[in-house]
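# Overview (structure and organization)
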Amino acid sequence: MAQKRVGIAGLGIMGSAIAPNLMQAGFDVIGYDPDPERVEAFKQAGGRAVPGVAALAKETDALISLLPSIKALEDIVSGPLGIVASQVTNLVLIECSTLPIAAKIKARDALAASGNTALDCPLSGTGAQAAVKDLGAYASGERDAYERVKSVIDGFCSEVHYTGEFGNGSKMKFVANLLVSIHNASTAEAFVLGMKAGLDPQDIQNVVAGGAGGSRMFDVRGPMMVEETYEPATMKVSIWQKDVSIIGDFARQVDCPVPLFAAAAQLYSAAMARGLADQDTAAICQVMEEMARVERDK
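The structure contained in this document is the topic of the report that follows. Being a predicted model, the structure only gives us computed values, none of them experimental. (Residues numbered from 1 in each chain as written. Predicted model: local features only at pLDDT ≥ 70, side-chain atom pairs only at ≥ 80, totals over all residues. Heavy atoms only, no water.)

So, on to the packing of helix α9 (residues 168-196) against helix α11 (residues 216-227). Remark: α9 packs on α11, axes separated minimally by 10 Å, with the N-to-C direction vectors making an angle of 40°. Here α9 lies oblique to α11, going by the angle between them. Both α9 and α11 take part in a crossing whose hand is right-handed. Across the interface between the two elements, Val 180, His 183, Asn 184, Thr 187, Ala 188 and Phe 191 of α9 pack against Met 217, Phe 218, Arg 221, Gly 222, Met 225 and Val 226 of α11. Residue composition of the contact of α9 with α11, by class: 7 nonpolar, 4 polar and 1 charged. (Axes fitted to C-alpha atoms, helices over the stretch in contact; angles between N-to-C directions. Helix = DSSP H or I, 4+ residues; strand = E, 2+ residues; numbered from the N terminus. Parallel < 35°, antiparallel > 145°, perpendicular 65-115°, else oblique. Left-handed = near helix turned anticlockwise from the far one by under 90°. Contact = heavy atoms within 4.5 Å. Nonpolar A, V, L, I, M, F, W, Y, C, P; charged D, E, K, R; others polar.)

Written out as structure tokens, the structure reads:
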């Protein structure tokens, strides 16, 4: 795309992590978040903040949204200070949140009626991966709109996949997140079994990571489990619970059994029950250690 200004709606873990990569790629990055602390951190990183989404829409032709809920998406699209109310046209919303497809279709239709376009473009990766531009994007929607903003997506992702009609991106993300959920749980389970048997967790990490039993989640979250360090979170348990619920609902909608995913989901619920909502999802290792009565040497 010709212009070099990009808006970000939502400056949480992911939004704040991708912004510096876009700046490094040469974009003028403009951001909005209702949390003043997030806005201040964004400004300290070199971004330019505006007071609302309508202002974002008026200053750029491409707007990235990274949002925690359906309501947040509704607010930025159809709210009194949202994109539709701004009366802009020809905007492309790159919607990167993990939300139900029906909610994204509703937002797409509202934008289309106002002369704008939405892409369903969820991301694969953690906040830590986002910080080093190690994200995958699953883009779906109008091909012309995708081509217009592909350089923007390239600015904060290492891999970009165009998956076809609107909604396919989310379907692909659900598949990927199902695997993330299971791999994270299997990583924790493996560490706990090893520690229960008397193995040192660092030795487990060193030996298993390079073998057939390793995985991307073993590489990303294994070191957190070794160190028992779950903050700051790269993906909070509370946010992951939302994603788990969406995937479970989607599987039921298409009548697909997901027994391994269902088993893993119980561990995240147990983490919530133990007050670990703000910790990284790697903290399910702590949950399993309690279940197995593993006591580490301090």
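We are not done yet, so read on.
Core analysis: the biggest nonpolar cluster contains 35 residues, and Phe 191, Met 225, Tyr 230, Ile 284 and Cys 285 have the highest contact counts within it. Sorting the residues of this core by element identifies α9, α11, α12 (237-253), α13 (259-273) and α14 (284-292) as the ones contributing at least two each. When neighbours within four sequence positions are excluded, Met 225 is seen to be in contact with Asn 184, Thr 187, Ala 188, Phe 191, Tyr 230, Ala 282, Cys 285 and Arg 296. Grouped together as the second largest cluster of nonpolar side chains are 33 residues, Val 6, Leu 22, Leu 119 and Tyr 146 included. (Core = buried A, V, L, I, M, F, W, Y, C linked by side-chain atoms within 4.5 Å. Buried < 20%, exposed > 50% of the residue type's maximum accessible area, 1.4 Å probe, protein only.)

Another aspect to go through is the pattern of salt bridges. Evaluation of the coordinates by the stated rule reveals 18 salt bridges. Two residues, Glu 290 and Arg 274, come together in a salt bridge whose shortest N-O distance is 2.6 Å. On the criterion of sequence distance, the pair formed by Glu 290 in helix α14 and Arg 274 in the loop between α13 and α14 is long-range, its members being 16 residues apart. Judged by its relative accessible area of 40%, Glu 290 is partly exposed. (Salt bridge = Lys/Arg side-chain N within 4 Å of Asp/Glu carboxyl O.)

Purely spatial values, then, with no claim about function.
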